[in-house]
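Residue-level listing of the chains:
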Amino acid sequence: MKLVWLLGLLLSCFGVFSNGASRNVTSRPSVVHIGAIFALDSTIGRVAKLAINAAVEDINANSSVLVGTKLVLTMQDSNCSGFLGIVETLRFMETNIVAIIGPQSSVTAHVISHVANELQVPLLSFAATDPTLSSLQYPFFVRTTQSDLFQMTAIAEVVDYYRWKQVIAVFIDDDYGRNGVAALGDKLEERRCKITYKAALPPGPELTRSSIIDILLKVELMEPRVIVLNVNPDSGLTVLSVAHYLGMMGNGYVWIATDWLSSVLNSWETLPPEATDSMQGVLTLRLHTENSGRKKAFVSRWNKLISKEGTDNLGLNAYGLYAYDTVWTIAHAVNNFFNEGGTISFSNDSRFSDVEGGTLHLEAMSIFDEGKHFLKNILQTDIMGVSGRIKFDADGFLIHPAYDIISVIGNGYRNIGYWSNYSGLSVVSPETLYTMPPNRSSENQHLLSVIWPGDTVTLPRGWVFPNNGRQLNIGIPNRASYREFVSQVAGTDMVKGFCIDVFLAAVNLLPYAVPYRFIPFGDGLKNPNYKELVNLVTTGVFDAVVGDIAIVTSRTKVLDFTQPFIESGLVVLAPVRKSNTSAWAFLRPFTVEMWFVTGAFFLVVGVVVWILEHRINDEFRGPPKKQVVTILWFSFSTLFFAHKENTVSTLGRFVLIIWLFVVLIVQSSYTASLTSILTVQQLSSHIKGIESLINGKEPIGFQVGSFVENYLIEELGISSSRLVSLGTPEAYADALQRGPNNGGVAAVVDELPYVQMFLSRQCKFKILGQEFTKSGWGFAFPRDSPLAVDLSTAILTLSENGDLQRIHDKWLTRSDCSSQTTDLESDQLHLKSFWGLFLICGGSGSGCLKTFLSFADEKEENSKRRYKEAKELNSNSKRKETDQSNETLA
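Keep in mind it's a predicted model, so treat the numbers as computed, not measured. (Residues numbered from 1 in each chain as written. Predicted model: local features only at pLDDT ≥ 70, side-chain atom pairs only at ≥ 80, totals over all residues. Heavy atoms only, no water.)

(A) Quick look at the sheet that holds strand E10 (residues 254-257). Strand order in the open sheet made by the 8 strands is E8-E7-E9-E10-E11-E16-E17-E18, with mixed pairing throughout. Two strands lie at the open edges of the sheet, namely strand E8 (194-201) and strand E18 (424-426), each paired on one side alone. Averaged over all pairs of adjacent strands, the angle between their axes in this sheet comes to 25 degrees, without regard to strand direction. Here 4 bridges tie strand E7 (residues 166-172) to strand E9 (residues 226-230), and the two strands are oriented parallel to one another. If you follow Phe171 over to E9, its bridge partner there is Asn230. Contacts between helix H7 (residues 175-189) and the sheet are confined to E7, E8 and E9, with E7 contributing the most and set at about 165 degrees to the helix. (Pairing = 2+ DSSP bridges. Helix = DSSP H or I, 4+ residues; strand = E, 2+ residues; numbered from the N terminus. Axes fitted to C-alpha atoms, helices over the stretch in contact; angles between N-to-C directions. Contact = heavy atoms within 4.5 Å.)

(B) Fine view of the pattern of salt bridges. Counted under the stated rule, the structure contains 20 salt bridges. Arg46 is paired through a salt bridge with Asp41; the nearest N and O atoms lie 3.5 Å apart. Exposure remark for Asp41: the relative accessible area of 61% places this residue in the exposed category. Taking the shortest distance from any N to any O, the salt bridge between Asp560 and Arg783 comes out at 3.5 Å. (Salt bridge = Lys/Arg side-chain N within 4 Å of Asp/Glu carboxyl O. Buried < 20%, exposed > 50% of the residue type's maximum accessible area, 1.4 Å probe, protein only.)

(C) Seen up close, the environment of Glu431. Within the secondary structure, Glu431 sits in helix H16 (residues 430-433). Along the backbone, Glu431 and Ser420 are 11 residues apart, and their C-alpha atoms lie at a distance of 9.7 Å. Apart from the residues within four sequence positions on either side, Glu431 is in contact with His288 and Glu290. A polar contact is formed between the side chain of Glu431 and the side chain of His288, at a distance of 3.0 Å. (Polar contact = N/O pair within 3.5 Å; in protein donor to acceptor, adjacent residues only side chain to side chain.)

(D) Examining the pairing of strand E2 (residues 31-38) more closely. For E2, the buried fraction is high: 6 of the 8 residues fall into the buried class. Alignment of E2 against strand E3 (residues 70-77), held across 8 bridges, turns out to be parallel. Directly across from Phe38, in E3, lies its bridge partner Asp77. When E2 meets strand E4 (residues 100-101), the two strands line up parallel, connected through 2 bridges. Of the residues in E4, the one forming a bridge with Ala36 is Ile101.

(E) Seen up close, a nonpolar patch on the surface. On the surface, Ile409, Ile451 and Val457 cluster together into a nonpolar patch covering about 230 Å² of accessible area. Topologically, Val457 is positioned in the loop between H16 and strand E19 (472-477). (Patch = residues over 30% accessible without salt bridge, like charges linked within 9 Å, V, L, I, M, F, W, Y side chains within 5 Å. Areas by Shrake-Rupley, 256 points an atom, 1.4 Å probe, with all protein chains shown as cover.)

(F) How the structure looks around the sheet that holds strand E6 (residues 141-143). In spatial order, the strands read E3-E2-E4-E5-E6; together these 5 strands make up an open sheet with parallel pairing. Either end of the sheet is taken by a strand with one partner, and the two such strands are E3 and E6. Of the strand pairs in this sheet, strand E5 (residues 123-125) and E6 are connected by 3 bridges, and their pairing is parallel. Paired with Leu124 across the bridge in E6 is Val142.

(G) Looking closely at the packing of aromatic side chains. Applying the stated criterion across every chain, the model contains 33 aromatic pairs. For the ring pair Phe38 and Phe126, a centre distance of 5.7 Å and an interplane angle of 85 degrees mean the geometry is edge-to-face. With Phe38 in strand E2 and Phe126 in the loop between E5 and E6, the pair connects residues that are 88 residues apart, well separated along the chain. By the burial criterion, Phe38 is buried, and Phe126 matches it. For the ring pair Trp463 and Phe465, a centre distance of 5.2 Å and an interplane angle of 75 degrees mean the geometry is edge-to-face. Each member of the pair, Trp463 as well as Phe465, carries the same accessibility label: buried. An aromatic cluster is present here, built from Tyr482, Phe485, Tyr732, Tyr754, Phe758, Phe765 and Trp777 joined pairwise through their rings. (Phe/Tyr/Trp six-rings, centres within 6.5 Å; stacked < 30°, edge-to-face > 60°.)

(H) Just the nonpolar core, in detail. If you look at the biggest cluster of nonpolar residues, it comprises 106 residues, and the most contacted ones within it are Leu71, Val98, Phe126, Ile256, Phe298, Trp302 and Phe374. Excluding its chain neighbours within four sequence positions, the residues that come into contact with Phe374 are Val98, Ala99, Pro122, Ile330, Ala333, Val334, Phe337 and Phe368. With 85 residues, the next largest nonpolar core counts Phe485, Val571, Leu712 and Val749 among its residues. (Core = buried A, V, L, I, M, F, W, Y, C linked by side-chain atoms within 4.5 Å.)

(I) Focus on helix H27 (residues 786-801). Taking 1.5 Å of rise per residue, the 16 residues of H27 would be expected to cover 22 Å, and the 23 Å separating its terminal C-alpha atoms lies within 8% of that figure. Residues Pro786, Leu787, Ala788, Asp790, Leu791, Ser792, Ala794, Ile795 and Leu798 constitute the buried set of H27. Contact partners of the buried residues in H27: E7, E19, helix H17 (498-508), strand E24 (559-561), strand E34 (780-782) and helix H28 (803-811). (Expected span 1.5 Å × (residues − 1).)

(J) Here's a closer look at the pairing of E7. Of all 7 residues in E7, 7 are buried, a share of seventy percent or more. The two faces of E7 match: Gln166, Ile168, Val170 and Ile172 on one face and Val167, Ala169 and Phe171 on the other face are all buried. Note on the crossover from E7 through H7 to E8: the handedness is right-handed. (Right-handed = clockwise from strand over helix to strand, strands pointing away.)

(K) Fine view of unusual backbone geometry. The omega angle of the peptide bond from Gly102 to Pro103 is -5 degrees, so this bond is cis rather than trans. Looking at the element boundaries, Pro103 is found in the loop between E4 and helix H5 (106-119). Located in the positive-phi region is Arg163, a residue other than glycine, with phi close to 65 degrees. Along the chain, Arg163 falls in the loop between helix H6 (148-161) and E7. Arg163 gets classed as exposed once you look at its relative accessible area, which sits at 72%.

Okay, structure coming up:
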């Protein structure tokens with residue numbers, strides 16, 4: 001707040017630039033002044049100092065870069081202080097600086113970016129990664145490294161890749177730490193993960209070892225074991241040391257450090273043994289830099305640079321590469337600025353001199369007249385640097401953000417993969433992926449194996465039950481009916497039932513202890529409202545609900561369920577009556593239409609065969625009365641394959657073969673249906689299933705407290721006035737027996753396990769139709785609960801080893817009533833089941849008859865023609881004989 005107040009005091013006197021005197025106007029000067037401000041003695045600052053000086057030397061040594069112009073660098077030490085940063089920045093503004101490199105601190109960058117905006121001097125930071133430092137609020141702030149927005153995206157994808165759902169964020173409580181964690185929280189939420197607890201570390205000298213111990217002790221009591229550490233290098237090493245001291249670097253823990261740790265690992269050739277011991281198994285990220293020839297050449301020069309500087313034990317980190325490229329970015333922008341006719345000129349604002357009193361000498365500060373032009377040249381940079389391609393997108397970010405993912409092992413580290421904004425997690429370098437189409441599918445996300453804290457390759461679960469003595473509050477429905485599933489033992493705190501035994505058996509299979517206590521919900525006099533019960537999980541009253549909880553769509557939107565441990569669809573329960581036999585029972589297998597069509601086909605086939613046979617087959621000839629009797633006898637005798645008339649014609653035989661096949665199928669179906677009717681006890685009901693209830697107007701019963709009421713109203717559109725709540729099996733039986741005309745119900749709609757339990761004692765009722773929904777019962781947990789996943793695995797194990805069936809048989813065994821062989825009244829055989837056969841038979845008969853008639857017409861014409869020819873021949877013969885007789889007489 002003091003820094004902001006001071007900055008407001010300094011800048012309150014000017015907000016919109018006014019005309020003032022211009023000075024130092026030149027087109028292409030011999031020197032261009034740039035400044036650099038960062039903590040020279042920090043982990044990043046020591047490397048950046050050498051890299052920046054090397055870049056200035058390389059640029060000035062190459063006359064083709066600035067065409068005769070030299071860069072003059074002024075470097076100031078901010079000492080990690082925002083206040084000193086402001087002071088040094090104001091001092092720069094007195095010396096005609098065209099650009100400032102730095103700061104490395106996001107806190108300092110937030111403050112001095114206001115100064116840069118007002119004086120129109122670009123501020124190029126190679127290390128300030130706070131994602132809230134945007135080009136919209138700070139147009140003259142140019143980030144020449146990657147934003148933490150991408151680093152937090154990478155961490156979120158790593159968390160999601162290993163299927164962890166909850167993390168704890170330990171961060172330094174300043175702009176850098178807070179805003180980075182905020183970005184992490186947003187990215188985790190996009191993947192249905194979350195930050196469960198945020199542990200803030202005080203910045204500056206207030207951060208002591210004892211304060212870190214106090215904070216980590218609170219973290220140790222939490223459930224998550226995935227810890228993201230977003231701090232600066234100095235405090236980060238202390239945090240890891242304390243965590244190692246407290247035993248928080250052992251089995252089960254996951255530590256993910258932001259890129260501060262990779263900077264430490266790369267900057268120090270050797271670390272103290274106690275430091276390396278405290279970071280074993282830690283994952284960290286490192287800014288990815290392309291392994292190009294430029295990078296290799298600069299890395300090979302590094303030892304010479306540190307020797308020249310007289311510095312030992314100093315390695316090159318990624319921020320050093322970006323610092324080197326930042327200077328080259330300024331140089332190319334300066335050259336383009338001059339090539340476009342830009343001039344370096346500064347103007348004094350007259351209002352600076354109006355501020356009287358004190359010794360700040362604000363009148364000495366000047367405004368870069370063509371600062372906007374120069375800023376545009378910087379943002380248009382497109383060069384190849386030692387860190388890779390330097391080019392800014394429309395939002396001011398460097399293109400192709402990518403990170404190396406590193407696992408600390410022994411005295412070194414191992415690269416286990418990469419993250420890029422292009423294709424996510426991969427073991428292939430980003431440069432290779434850029435040549436391929438982007439693929440962010442889950443199947444394409446890969447990382448190499450990791451040795452985790454505790455020297456294990458087993459993937460940590462990522463959570464434990466909190467070590468704070470708190471038990472899980474598990475709600476159970478205190479039922480009044482069907483207490484075999486779940487209930488409270490009267491007069492005690494004990495609970496029992498099928499669902500309870502399944503839960504206990506599954507918990508016993510878990511590789512860890514689960515502290516819990518059951519809390520009954522309901523008074524036990526009537527069934528509780530299950531909607532209210534599961535809502536108590538979403539509000540945090542219960543940590544879970546164990547019982548006969550149906551897995552339905554509305555609940556899965558706000559809760560996570562385990563694997564179902566029993567099938568539980570909805571069915572229709574209704575009373576049935578025995579069907580009495582009668583003297584006309586033999587007519588029941590066929591419908592009226594079926595009887596009519598079958599009889600008609602008997603006659604038609606007989607007529608067709610007679611037409612095809614009677615001209616050539618003596619058995620189908622005779623007086624009309626005999627022929628009619630032959631047709632009838634032949635047709636109906638085929639039913640028993642007892643026809644004695646032989647067919648002679650090919651067409652007649654073909655029709656008969658098809659018809660005998662049809663008769664065989666119809667006869668077999670009739671026999672089977674009649675046998676079922678006469679031998680199996682038949683039950684009948686006017687209700688055939690849920691469709692009968694939807695289309696009818698009779699009252700329908702449902703179980704009190706279940707979801708069935710809402711389902712019937714909202715999903716099936718049944719009026720609520722037709723629904724009757726029933727609380728016990730006895731109420732079911734009474735309402736069904738009384739029926740809709742006597743104050744009862746026509747049917748009850750309920751879940752299958754309840755109905756099966758009801759039918760084990762009641763033989764007058766049956767399930768009608770098919771199960772019209774498919775679901776099951778599971779245990780309910782809050783969203784993204786890891787315990788739900790582990791219990792699902794345990795339930796599957798119970799199912800595979802047979803324990804689940806044994807628990808089922810223990811509680812839900814059925815009496816002999818439910819095993820009696822009964823069947824609902826068989827549906828009659830309809831014409832639609834046989835129309836294909838009749839179509840084939842009719843078609844073949846019609847075809848044969850048509851063929852016969854066409855041949856008959858042709859044969860008749862030939863007979864007439866032969867008769868005419870014979871008659872003419874006979875006439876000619878007689879005429880010839882007459883002529884011969886006349887000649888003889890003459």
